[in-house]
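Okay, here's what each chain looks like letter by letter:
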Amino acid sequence: MPTFTWNDSYSVNIKILDEQHKKLFTLIDQLHNAMSTGKGKQMIGQVLDEMLDYTRTHFTTEEDLLKKHNYPDLLKQQKEHAAFVQKVSEMQQKFNNGSLTLSIEVSQFLKDWLSKHILGADKQYAQFLTEKGEH
Ligand SMILES: [Fe+2]
């Protein structure tokens, strides 16, 4: 049973971004489950790769939409995104070379980061994009 699930309180009122956020919740939940049920390193590595890949895709979609409308706080979004990608890429490298064991703290960090980012920085563009006619 998923423990980390998207609900309406995370909605930014933009269909594609909500869908991508949902998928990220699912991937982080899968990673958490793979770790907590003692799945092999290869499987955990695959889910981590997929999560990071999808995160990059999502950030690009989001930033492109914000750029299209000259969103005034774009830089804040880009900085938060870049810091997250860097941190997770480092985790991925350390995991791949064996110097990091993915633990519950890691999946907890991912969950906390995503929740805070959506409820903070992302919610801030919701009304702006709605007023620009995006939905
Ligand atoms: Fe964002």
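Values in this document were obtained by computation on a predicted structure and should not be read as measured data.

Novice: When you look at the overall build of the protein chain in this model, what are you seeing that I'm missing?
Specialist: Scanning the protein chain from terminus to terminus reveals 4 helices and 0 strands. Traced from its N-terminal end to its C-terminal end, the protein chain shows the element sequence α-α-α-α. Computed over C-alpha atoms, the radius of gyration of the protein chain comes to 15 Å, within 12% of the 14 Å expected from 2.2 N^0.38 for 135 residues, which places it in the range of a compact globule. Counting only C-alpha atoms, the protein chain reaches 45 × 30 × 20 Å along its principal axes. Every one of the 135 residues in the protein chain was classed for burial, and the buried ones make up 22%. Taking all contacts inside the protein chain whose residues are at least 6 apart in sequence as the whole, residues at least 24 apart take part in 68%.

Novice: What is the right way to read helix α4 (residues 104-131) from this model?
Specialist: One turn of the α-helix equals 3.6 residues, which is why residues spaced by three or four share an orientation. In this model, α4 (28 residues) spans 40 Å end to end at C-alpha, consistent with the 40 Å of a helix rising 1.5 Å per residue. Taking the largest bend as the criterion, α4 deviates by roughly 45 degrees, centred on D122. Contacts made by the buried residues of α4 are with α1 (15-36) and α2 (41-68). Following α4 by one or two positions, G133 adopts a phi angle in the positive range, close to 90 degrees.

Novice: Which parts of the structure should I look at to understand the packing of helix α3 (residues 74-96) against α4?
Specialist: Packed helix pairs are characterised by how far apart their axes lie and by the angle those axes make with each other. For the pair α3 and α4, the least separation of the axes is 12 Å and the interaxial angle reads 170 degrees. Between α3 and α4, the angle is such that the two are roughly antiparallel. Residue-level contacts link K76, Q77, E80, F84 and M91 of α3 to V106, W113, H117 and A121 of α4. Split into classes, the residues belonging to the contact of α3 with α4 amount to 5 nonpolar, 2 polar and 2 charged.

Criteria and cut-off values
- Residue numbers run consecutively from 1 along every chain, following the written order of its sequence.
- A pLDDT threshold of at least 70 governs which residues receive local features in this predicted model, and a stricter bar of 80 or more applies before side-chain atom pairs are shown or counted, although totals over entire chains, interfaces and linings include all residues.
- Only runs of H or I of at least four residues qualify as helices and only runs of E of at least two qualify as strands under DSSP, and these elements are numbered from the N terminus.
- For a compact globule the rule gives 2.2 Å times the number of residues to the power 0.38, and the radius of gyration it is set against comes from C-alpha atoms.
- Exposure in this text rests on C-beta crowding, where 20 or more other C-beta atoms within 10 Å of a residue's own make it buried, 12 or fewer make it exposed, and counts in between make it partly exposed. The C-beta atoms are placed from the backbone.
- Whether two residues are in contact is decided by their C-beta atoms, placed from the backbone, lying within 7 Å.
- Here a helix's expected span is defined as the number of its residues, less one, multiplied by 1.5 Å.
- To get the bend at any residue, fit one axis to the seven residues that end at it and another to the seven that begin at it, then take the angle between the two axes.
- What counts as an axis is a line fitted to C-alpha atoms, over the stretch in contact for a helix, and the angles between N-to-C directions run from 0 to 180 degrees.
- Angle categories are assigned with fixed cut-offs, so that under 35 degrees is roughly parallel, over 145 is roughly antiparallel, 65 to 115 is roughly perpendicular, and the rest are oblique.
- When residues are sorted by character, Ala, Val, Leu, Ile, Met, Phe, Trp, Tyr, Cys and Pro go into the nonpolar class, Asp, Glu, Lys and Arg into the charged class, and all the rest, Gly among them, into the polar class.

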